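Examining the three-dimensional arrangement
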Amino acid sequence: MSALLQTIGVNKSFGGLAAVTALSMDVQPGEIVGLIGPNGAGKTTSFNLITGVYTPTSGSIQFEGQEIAGMKPHAITRLGVARTFQNIRLFKEMSVLENILVAQHMRMGTNLFEATLRLPSYMNKERHVHERARALLAEVGLSEHEQAPATSLPYGKQRRLEIARALATEPKLLFLDEPAAGMNPQESVELMDFILKIRDQFKLTIVLIEHHMQVVMGVCKRMYVLDYGVTIAHGTPEEIQKNPMVIEAYLGAG
Amino acid sequence: MNTSKKLPMSRNTLLTLGAAVIGLVLLFVFDELFDRFTMQIFKLCAINIILALSLNLINGFTGLFSLGHAGFMAVGAYTCAILTMSPEQKEVNYVIQPIVPWLANVQFPFLPALLIGGLLAGLIGWLLGVISLRLRDDYLAIATLGFSEIIRVILTNAMTFTNGSLGLKGLARFTTMWWAWGSAILTTLFLVLLIKSSYGRAFKSIRDNEIAAESMGINVFGMKVLSFTISSFLAGIAGGLLAHYLTTIDPKQFIFLKTFDILLIVVLGGVGSITGSVVAAIVVTISMEALRFLDGPLNLGFMVTSGVPGLRMVFFSALLMVVVIYRQQGLMGKAEFSWDALSRIGLLPRRKSKSEKGGR
């Protein structure tokens, strides 16, 4: 089976600091893969490398067999990779609806001419993205907040809006950076159901960073553990829980 | 897009049409009524609207702090002026060194000359954008500021093109009220449509969060260059209008202070508001003239000062400081004029229809 995403020996160093060393992970279509590790282990850096925010110092990143290392983030998004952010990055001066609309600009295939003259061809596209944005908001249960400023939403809803915005780019592969951060156990359980639901509904493959072990163990079939930028283990949740190196990384040597 | 689309003509459309008709009638009446001096100020309002809107597109909507506007104006002004001058005029003007031969006998009507001026400014804007938009914030401001100084130095020294510091005199007074206000209205309309389109949303997303915009598939660099190019084009057009409004141009007019004047309008009106820029352009232009008495001898009651030229600008600079300290969002913030907003604050009767959203 060919992997949807494959990274081969990816390194990233900032000056003398090796943030990520020899990251080699593969993600199969339809999987939900977890990326865990203590703070500062290089998880978000790995996300930034794959989504193009950072360029790897060395190594290869392939999405659907295509080399994407060094490509611009917007070009990688166009191929079908979307993400959310650990520290929520919504467009704060915009309404909830507009946040989703922006994410569809790339797929609208419009040009300046038809957009400013409001030609019928453009108005059709505009109507279509509005319908799709409303459908997405209904999907994540934010319909009644459509016109509200994005940052006026409570924290949990902002997280869901960020996921909806990522979905609006029509991804095949979705990266979630700590989606359960700041959620209580009840909300975390709901989030697990939500992740499984969108995976099936939008035929997604998901990679997530998470500290809530309940969430990771609940939804991920496979996981990678990073520590100081090095992949110290990977396998099923059961294997990881028993792995002495993982226990040591989290709790310190006994 | 409007929910009120079922009606043959919604109240807002009627109001807009009505306002447009009243506006046109007013322009016509002003044109007949005003003396020449008042008319000049009235025309300057229109030119300043174009300048403020074009600067607001980059500084306000796309969130790029650019200070190169005077440079783009200069490019538009000089290109337009050189192209409209008759061969005889060129001979009279270029006294120290004659103009380059290939330009000596070129003469275009106003409209093509104005557009070529705008396009050349746009092209230079595009080039500068591709080079300098890798920079951010204050670094970009410094780079664009440097660019506008470079343009000024080139204008002063390229004698065979620009006649150097002697400037160009006796340009035809092409910028009538209709040209000035026609261009201002077209620019406003274009900007409203642009900002309300998907491109406008993309510009604003860059202003709000560049990293998120890039991750949502927005080609941030391309969009910045686009915004910068459009803005330079409009500044070039305004420059051309200004040249044929003043009828005399020289490099000293396009110093940094010119950019500052426009920046003042944008900040007072509200960074990121089209309405704010339009209103502030009119108010500031008129007050600059109305406060001219400040530059002359002042009778303070107990003493009479001798004239202090430039005291007007002290007033505006002080006003700018007050605004930046106490009302950073300016007159309008990021809000725009809409008929619905007028009814919300009680200046128009409230609509009874159940559709709350919509309107422009």
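Just so it is clear, the structure is predicted and the values come from calculations on it, not from any experiment.

What follows concerns the overall build of chain B. Each helix and strand counted, chain B has 16 helices and 2 strands in total. Over its C-alpha trace chain B gives a radius of gyration of 22 Å, about what one expects of a compact globule, namely 21 Å for 360 residues. Taken along its principal axes, the extent of the C-alpha atoms in chain B is 70 × 60 × 45 Å. Expressed as a percentage of its 360 residues, the buried residues of chain B come to 42%.

What follows is about the overall build of chain A. Helix and strand counts for chain A stand at 10 helices and 11 strands. Over its C-alpha trace chain A gives a radius of gyration of 19 Å, about what one expects of a compact globule, namely 18 Å for 254 residues. Of all 254 residues assigned to chain A, the portion counted as buried reaches 43%. Summarising the internal contacts of chain A: among those between residues at least 6 apart in sequence, 67% fall at separations of at least 24.

So, on to the domain arrangement of chain A. Each assigned domain of chain A is listed with its residue range as follows: domain 1 (5-80 + 171-251) and domain 2 (90-154). Taken over C-alpha atoms, the centre of domain 1 of chain A sits 29 Å from the centre of domain 2 of chain A.

Residue and element names in this part refer to chain A. Between its terminal C-alpha atoms helix α6 (residues 155-168) stretches 20 Å, which fits the 20 Å expected from 14 residues at 1.5 Å a residue. Of all 14 residues that make up α6, 11 are buried, and the element is covered over most of its length. Where the residues of α6 are buried, they touch β7 (81-83), α3 (96-108), α5 (120-139), β8 (173-177) and α7 (185-201). Positive phi appears at E170, one or two residues downstream of α6, with a value of about 60°.

The subject of this paragraph is the nonpolar core. Grouped together as the largest cluster of nonpolar side chains are 154 residues, with contacts concentrated most on I47(B), A52(B), A81(B) and A238(B). The dominant element in this core, judged by the number of residues it contributes, is helix α12 (residues 220-246) of chain B, at 13 residues. Split by domain, the residues of this core number at least three in each of domain 1 (5-80 + 171-251) and domain 2 (90-154) of chain A. The contact partners of A238(B), leaving out residues within four places of it in the chain, are I47(B), I50(B), L51(B), S54(B), M73(B) and G76(B).

Tracing the backbone through its elements, the reader meets A158(B) in the loop between α7 (137-157) and α8 (159-162). Considered as a pair, A158(B) and G68(B) are 90 residues apart in the sequence and their alpha carbons are 20 Å apart.

Here we take up the interface of chain B and chain A. Contact residues are listed per partner, giving 24 residues for chain B and 29 residues for chain A. When contributions to the side of chain B that touches chain A are tallied by element, the ones reaching two or more residues are α9 (177-196), α10 (198-208) and α11 (210-215) of chain B. It is α10(B) that provides the largest number of residues to the side of chain B that touches chain A, a total of 7 residues.

The next point concerns unusual backbone geometry. Residue E178(A) is not a glycine yet carries a positive backbone phi of 50°. Among the secondary structure elements, E178(A) is positioned in the loop between β8 and α7. On the basis of neighbour count, E178(A) is assigned to the buried category, with 20 C-beta atoms found within 10 Å. Positioned with a positive phi, T247(B) is a non-glycine residue whose angle comes to about 65°. Note that T247(B) resides in the loop between α12 and α13 (256-269). Classification of T247(B) by C-beta neighbours within 10 Å gives partly exposed; the count is 15.

Rules used throughout
- Residues numbered from 1 in each chain as written.
- Chains lettered and ligands numbered in written order.
- Predicted model: local features only at pLDDT ≥ 70, side-chain atom pairs only at ≥ 80, totals over all residues.
- Helix = DSSP H or I, 4+ residues; strand = E, 2+ residues; numbered from the N terminus.
- Rg over C-alpha atoms; globule rule 2.2 N^0.38 Å.
- Buried ≥ 20, exposed ≤ 12 C-beta atoms within 10 Å, placed from the backbone.
- Contact = placed C-beta atoms within 7 Å.
- Domains from an automatic or database assignment.
- Expected span 1.5 Å × (residues − 1).
- Core = buried A, V, L, I, M, F, W, Y, C linked by C-beta atoms within 7 Å.

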